[in-house]
Every structure is written in C-alpha cells, then in structure tokens.
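# Summary of the model geometry
The lines below spell out each chain.
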Amino acid sequence: MCLAVPALIKSIEGNQAEVDMAGTSYKASITLTPGARVGDYVLLHTGYAIQIVDQKEAQETIRMFQEMGMV
Amino acid sequence: MKFVDEFRNSQSGKKLIDRIVQRSKKPARLMEFCGGHTVAIFKYGIRQLLPPNIEMLSGPGCPVCVTATEDLDRVIALSRLPGITTATFGDLLKIPSSRSSLQEARAEGSDIRVVYSTLDALDIARKNPDRPVVFVGIGFETTAPTIAASILQAEAEGLKNYYVISLHKLTPPVTKVLLDSGEIRLDGIVCPGHVSTIIGSQAWDFIPQNYSIACAVSGFEPLDILYCVSLLVEQIESSQPKVEIAYPRAVRPEGNRQALKLMEQVFEVCPANWRGIGTLPGSGLRIRNEFAAFDAERAFDIRVEEPPKEPAGCLCGAILRGVATPLDCKLFGAACTPEQPVGPCMVSSEGTCAAYYHFGGGHG
Ligand code: SF4
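Scoring rules and cut-offs
- Counting restarts for each chain: residues are numbered from 1 in the order of the written sequence.
- Chain letters and ligand numbers both follow the written order, the letters beginning at A and the numbers at 1.
- Totals for whole chains, interfaces and linings use all residues, but because this is a predicted model, local features are given only for residues with pLDDT of at least 70 and pairs of side-chain atoms are given and counted only at 80 or more.
- As a rule here, side-chain values come from all non-hydrogen atoms in the structure, and water together with hydrogens is ignored.
- Type-normalised accessible area, obtained with a 1.4 Å probe on protein chains alone, sets the label of each residue: buried when under 20%, exposed when over 50%, and partly exposed for intermediate values.
- Numbering of helices and strands runs from the N terminus, with a helix taken as a DSSP run of H or I at least four residues long and a strand as a DSSP run of E at least two residues long.
- Two strands pair if DSSP finds at least two bridges between them.
- By convention in this document, the label disulfide applies to cysteine sulfur atom pairs within 2.5 Å.
- Think of a polar contact as two N or O atoms within 3.5 Å of one another; within protein, one of them needs to be a possible hydrogen donor and the other a possible acceptor, and neighboring residues in sequence only count if both atoms come from side chains.
- Contacts are residue-level and defined by heavy atoms, with any inter-residue pair within 4.5 Å sufficient.

## Overview of the pairing of strand 7 (residues 188-191) of chain B
Residues and elements named next belong to chain B. Alternating positions in strand 7 separate into two faces, Gly188 and Val190 on one and Ile189 and Cys191 on the other, with burial throughout. Here strand 7 runs beside strand 8 (residues 214-217); their pairing, made up of 4 bridges, is parallel. Looking across to strand 8, one finds that cysteine 191 is bridged to valine 217.

Okay, structure coming up:
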C-alpha cells in the first residue's frame, strides 16, 4: 500500500502539478514537497508527491552497480 | 521508465548476487517489514537467488492486513449509516470482517466509492455538499501525511461534509514490540522504503543500538533489494550493525520534514489495535481536537453490537508477527485462495499469503 512511483513534473500551479508517468499525464499535489520544480522527478503516492527524487544519488547508485565486479 | 528500468538490470543483479554469495558466511535471518517488499521479493524470485544460509521472513507491513477486525467492523457499521458516502482505497474493499466486507455492504445498498487518492474523496465531498463523505484513513507513515493534507485542504476550503476515520498505524513502535516479544530472532531488517522517505532512516537507529540488528532501508526494484541485502550481509559479517540507506534517491536520514510537520499538525499519537498483535500504545494516529470537526469517530454514532469474530483457522496474526508462514496454515490454497479468501493476508495484494499463493513459497 506504500507504493510510490517516479513521475516527471511538467508544470506547476500553486500546490497542483501536472506530472508525466510512462507517457500519461496525471494531476498531483505537491503540498508535501514544496521545493518541487518543473523538471524534477517526484515519488508519487496516492496522488501526492512524497519526495523529490535525488537524481545525483540515483546516478551514483547506477554507476556503482555498473562498476561492481570490474575492479 | 526512468529511475525504474535502471534498477532492473539483470547483469548488475548477477553481480550483486555474486557479491552476496561471496561475502555471506554466517547464517542470517532477515525480515522485510514492508508488504511492498514481500511482493517484489516473490515476484523477482529473490529468495531463491540468495544462498541457503540467508533466510528471509515477511513482516507486518501490509496496512490492510494489520487492521484489527474490531476496527473493520466499525468502518462497516459506519458505511451502513443512512445517507453516508464512504470513500476508501480499493485494497480494503474485500477484506472480510466479523460479518461482512465493505464490498458486501455496498451490494446491500451502502454508498461506497473506491478512490485512488484523498484528492478524489475531496472532490466527491465538493460535488455532494449535502452528503457526509467519510474517507477511511488506513496506512502507515507513507500515507498519513496525504490524509493530513486532505483535512487541511478541507479546512482551507471550508468544506463541512468531509470526514476521516483515522486507523493509521506507526511502524517503528510495532517493530520494537516484535523485537521485544522474543518470538523471533533476527540478524537483519530490510527497512521500509517509502515509510522511511517520510520518517527518515534515523527513525530506525534504535534497532542497531538496542538490539544489535543490522538495518538497511530498501527501494522496491530488484537491484534495490539485492543491494540492501548486500549491505546487511556486510554488517552481519563484520558484526557492525547500523542503519544504512540502500535507497538514497528517495530516503534521507531526516525524512520529509514538510510531510512530518503536516502529519503532526493534524494527528496525535494514540494506541492502535493490530491484528494478531493487540493494542499497542503509541502506535497509531488520531485526529487532534483542533480538527475534531473532520473526525468521523466524533461526528457519527458508530455502533457495533456484536463482539468481533476472527476468521476460523486463519493464521494471519501469527504470519504478521513472522512466527508462521502461510504453509503452516491448513486452509492455505485449499479453503483459502485469492478467489475465496478467508483472511486479509490472502485478500490484500501485498499480503504474505497472496504472495505465496501467486509466486510459490521459495526457500526460507
Ligand atoms: S491462508 Fe488464508 S486462512 Fe490461512 S493464514 Fe492466510 S489468509 Fe488466513
């Protein structure tokens, strides 16, 4: 029930954002992530963004996976 | 999908498994708290990929499954009151309570709407100003802030017909009770990812400190979970338990301060009744006095005449405590299937019995 999926913010109006998830647009509330900006990925849970995806951390983890076992 | 597909790469998965197999020497019993993790672990066959000295147990992390029968009875009694519209997440619809489910109440004429979000419930309230609309507030710390936000929104708009029945539950207190009970011995905990997005990884610091059990917060993709297990293995092998974050793109030590602020503004901590575990102090959330006007418990006279009746033969309570598996239940797969479920662990998509049924038991 705690499912949350990454979605891209396309536009923001007040506390409402238009997000894109796998090519489909949804309305989402950014009340819980007031720092969210257009171009951010947010984790969407029951219509609310609950966190801004830290893209730098994500890339870092992916790079670590790729480098694993090569050294 | 970005930030999803990258965490499903099978080559990286193999490397992570190699690393786990190489490093893991000691017997290790790991518990995943969260039902979302249970589903992912079964779906990707992770139990079978791990070496035989690593045993994985499922914990109490399905909010629907841990809702006590008494509380469900009250929700259903509420939904049967004349003139009321009940809005609920779909997960709850088919859960059997003592005498019926919400789905049966709906078939018998109650106005019960399945919503995806409290935003939809607010919409129903706006469009039906003459009808009280009650949202069934079920969930852990991940969901509670969204429900707090809906109450604040209703207040800001002056909506007079929106109510919440708050059955929210808090995850660190129940984890503590499970560890204190002495019923299970654990070496490591796969801490819940999206709960920790809100409460922060530091909420789990008491586990390594007080119980010397390894902890790592995990995401929900297969690589996230394997990475989490590899961190737990390192901690266990080096006998240095701590809390690590295997999901740094979503989880920070301090959590989401804004979400915590709204949650604390609307709710206060109270005892909560957990299926199979009992009433635990400090493990639930109720609506504060300032927001009493939105509290369904105070606004309506909810009466349940008969005492609660647990489904006969169902082991959900023991399964939620990690002391039994669905294979210990005589009804599993015979009298109890997803089509004809007896207990909540078979009904909920994140229930352990449903995961065993759909994907098989695996080892451990
Ligand atoms: S198999 Fe069915 S009856 Fe048995 S514990 Fe699971 S939900 Fe309960």
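## Focus on the state of the cysteines
Summed over the entire model, instances satisfying the criterion amount to 1 disulfide over all chains. Covalent S-S linkage joins Cys62(B) and Cys65(B), the inter-sulfur distance amounting to 2.5 Å. On the S-S bond that ties Cys62(B) to Cys65(B), the torsion sits near 65°, and the link is right-handed. Across the pair, exposure class does not vary: Cys62(B) and Cys65(B) are buried alike. No disulfide involves Cys2(A); its sulfur sits 5.3 Å from that of Cys34(B), the nearest cysteine. By relative accessible area, which is 5% here, Cys2(A) ends up buried. Here Cys215(B) stays unpaired: no disulfide links it, and the sulfur of Cys191(B), its closest cysteine neighbor, is 3.9 Å away. For Cys215(B), a relative accessible area of 0% gives the class buried.

## Quick word on the side chain of Gln235(B)
All names here are of chain B. Locating glutamine 235 in the fold gives a position in helix 12 (residues 222-237). A relative accessible area of 3% means that glutamine 235 is categorised as buried. In terms of polar contacts, glutamine 235 uses its side chain to reach the backbone carbonyl oxygen of cysteine 215, at 3.0 Å. Setting aside anything within four residues of it in sequence, one finds glutamine 235 in contact with Ala214, Cys215, Gln240, Pro241, Lys242 and Glu244.

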